[in-house]
Amino acid sequence: MNSLDLYERRALEILPESIRDYYRSGAGNENSLSWNREDFNNFRIRPRFLKDVTERDMRLNVFGSNPSFPCGISPTAMQRMAHPDGEVASVRAAQNENTVFILSTIATTSIEDVAAAAPKAIKWFQLYIYKDRKLTESLVRRAELADFKALVLTVDAPLFGLRRADLRNKFSMPQHLTLANFHHQVSSMGGSGINEYVAKQFDQGIVWDDVKWLMSITKLPVILKGILTKEDARHACNIGVGGIMVSNHGARQLDNVPSSIEALAEISKEVNDEIPIFFDGGLRQGTDMFIALALGAKMCFIGRPVIYGLACEGQSGVENVIKILKREFDLTMCLSGVKNLSEICGDMVVHKNYYARL
Ligand SMILES: Cc1cc2nc3c(=O)[nH]c(=O)nc-3n(C[C@H](O)[C@H](O)[C@H](O)COP(=O)(O)O)c2cc1C
């Protein structure tokens, strides 16, 4: 298969209904879910020519690591529902393609097993803050010990969003799987479904001081995932976090929030290079990556395309998804007159209204 859309189409055909719906769906009427994809079409690339693009370099430096290109794997829960190898397959794909893999707190493979499966991969750990702070702190220590390079604190999920398909299907993790980062009471959903699990375990009371608390207990950079406004971005800069990820959680939390790509411009203007901005949501081709970078992201991430690659072909499916994006992004650089990432600047991408005003 030679596009991310083909992987998606095939995966949606072969996955069992309730798992397919869990992976695919968004919140509410899925307006933001559609916008995440559609809004890339509101932007136009302004290519420049006659600039010798024989040699192109997509590498970057992020927290001391050097991914081969600016797109990594977003944290997605319970990957062993998509394929028996789950997170092990994804992290090995990330290792082979030399890009960042972010492990979800609610993964079906533990921090330690992921580290052992791909010792050379660039690994970050996504954290939810549990009501039990000792448990939360122990996750941080385990990620540090396992050589994870950053913590990604998801701030947009005090509860999970209204996902009607999951309610209809009474979605719960299959019995043979566990949430591998936990023992005993928090390792299974006890048949009660994911929303009840989250309501019971996650701390709905977290505030900015809890981010400071997290920063005080670790030397790892802390990235806030789920920022959608310039106001929260300013707050994040002021308390000195390691970075932010502009993301609407794959449109799974609150419907009618802006698409991630729509939110990016106001945030990068506010942040003005004080801290790195990461990006995910709806990205499906090389030109999407280019648009996100031109609007201020340092690096992009993909969520569902990795799950769909896994569902279709396991590790090699994920590798192929990454390879496709790499080829498409390289071609976009070549055809827009760019030799390296620092040349992708703001005036290379405009909102389509730019042309209406001429
Ligand atoms: C099935 C699924 C599970 C997810 N699980 C998590 C998670 O455990 N933690 C988290 O921070 N984000 C989670 N996300 C959100 C992703 O990290 C990411 O923000 C989103 O998938 C990006 O959009 P995309 O799927 O269009 O690429 C999940 C998304 C999906 C689709």
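Residues numbered from 1 in each chain as written. Predicted model: local features only at pLDDT ≥ 70, side-chain atom pairs only at ≥ 80, totals over all residues. Heavy atoms only, no water.

**Focus: the overall build of the protein chain**
- Per the secondary structure count, the protein chain includes 14 helices and ten strands.
- Over its C-alpha trace the protein chain gives a radius of gyration of 19 Å, about what one expects of a compact globule, namely 21 Å for 358 residues.
- Considering only C-alpha atoms, the protein chain reaches an extent of 60 × 45 × 40 Å along its principal axes.
- Classification of the 358 residues of the protein chain by burial places 58% in the buried group.
- Summing over all exposed atoms, the protein chain offers an accessible surface of approximately 15000 Å²; the carbon and sulfur share of this is 50%.
- The protein chain carries 42 positive and 42 negative side-chain charges, and their two centres are separated by 1 Å. (Helix = DSSP H or I, 4+ residues; strand = E, 2+ residues; numbered from the N terminus. Rg over C-alpha atoms; globule rule 2.2 N^0.38 Å. Buried < 20%, exposed > 50% of the residue type's maximum accessible area, 1.4 Å probe, protein only. Areas by Shrake-Rupley, 256 points an atom, 1.4 Å probe, with all protein chains shown as cover. Lys, Arg positive; Asp, Glu negative; His and termini not counted. Charge placed at Lys NZ, Arg CZ, Asp CG, Glu CD.)

**Describing the packing of helix H4 (residues 86–97) against helix H13 (residues 304–336)**
- Remark: H4 packs on H13, axes separated minimally by 10 Å, with the N-to-C direction vectors making an angle of 15°. Between H4 and H13, the crossing angle belongs to the class labelled roughly parallel. Here H4 runs over H13; the crossing is right-handed. Two secondary-structure elements touch here, H4 through Gly-86, Ala-89, Ser-90, Arg-92, Ala-93, Ala-94, Asn-96 and Glu-97 and H13 through Val-306, Leu-310, Gly-314, Gln-315, Val-318, Glu-319, Ile-322, Lys-323 and Lys-326.
- Classifying every residue of the contact of H4 with H13 by side-chain character gives seven nonpolar, five polar and five charged. (Axes fitted to C-alpha atoms, helices over the stretch in contact; angles between N-to-C directions. Parallel < 35°, antiparallel > 145°, perpendicular 65-115°, else oblique. Left-handed = near helix turned anticlockwise from the far one by under 90°. Contact = heavy atoms within 4.5 Å. Nonpolar A, V, L, I, M, F, W, Y, C, P; charged D, E, K, R; others polar.)

**Quick word on the environment of Pro-75**
- Residue placement: Pro-75 occurs in the loop between strand E2 (71–73) and H4.
- A relative accessible area of 12% places Pro-75 in the buried class.
- Sequence separation between Pro-75 and Leu-103 is 28 residues, and the spatial gap between their C-alpha atoms is 5.2 Å.
- Once you skip the residues sitting within four places of it in the chain, Pro-75 turns out to touch Ile-102, Leu-103, Ser-104, Gln-126 and Lys-225.

**What to know about the site of the ligand**
- If you check the shell around the ligand, you find 25 residues, and the closest are Pro-75, Ser-104, Thr-154, Asp-280 and Gly-303.
- In the model, an oxygen atom of the ligand is placed 2.7 Å from a nitrogen or oxygen of the Pro-75 main chain.
- Within the contact set of the ligand, an oxygen atom lies 2.7 Å away from a side-chain nitrogen or oxygen of Asp-280.
- For the ligand, the accessible surface in isolation is 610 Å², of which the surrounding protein chains cover 99%.
- Elements that contribute at least two residues to the shell around the ligand include exactly helix H2 (17–24) and H13.
- At three residues, the largest contribution of residues to the shell around the ligand is made by H13.
- For the shell around the ligand, a count of residues per class yields nine nonpolar, eleven polar and five charged. (Near = heavy atom within 4 Å. Polar contact = N/O pair within 3.5 Å; in protein donor to acceptor, adjacent residues only side chain to side chain.)

**Some details on the UniProt feature "binding site: glyoxylate" (unreviewed entry) in the protein chain**
- The feature "binding site: glyoxylate" (unreviewed entry), as annotated in UniProt, sits at Tyr-22, Tyr-128, Arg-163, His-249 and Arg-252 in this numbering.
- Inspection of the secondary structure puts Tyr-128 in the loop between strand E4 (122–127) and helix H6 (133–145).
- The class for Tyr-128 is buried, based on a relative accessible area of 6%.
- Accessibility expressed as a relative area gives 3% for Arg-163, which makes it buried.
- For Arg-163, the residues in contact, after removing those within four places along its chain, are Tyr-22, Ser-25, Gly-26, His-249, Arg-252 and Gln-253. (UniProt positions renumbered as here; feature names shortened; annotations may be inferred.)

**Focus: helix H10 (residues 230–239)**
- Every buried residue of H10 is listed here: Ala-233, Ala-236, Cys-237 and Ile-239.
- The secondary structure elements touched by the buried residues of H10 are helix H9 (208–216), strand E6 (222–227), strand E7 (243–246) and helix H11 (260–271).

**What to know about the environment of Pro-67**
- Within the fold, Pro-67 resides in the loop between strand E1 (43–45) and E2.
- C-alpha of Pro-67 to C-alpha of Asp-21: the two residues are 46 residues apart in sequence and 32 Å apart in space.
- Pro-67 has contacts with Arg-59, Leu-60, Val-62, Asn-98, Thr-99, Val-100, Ile-122 and Met-299, leaving out every residue within four places of it along the chain.

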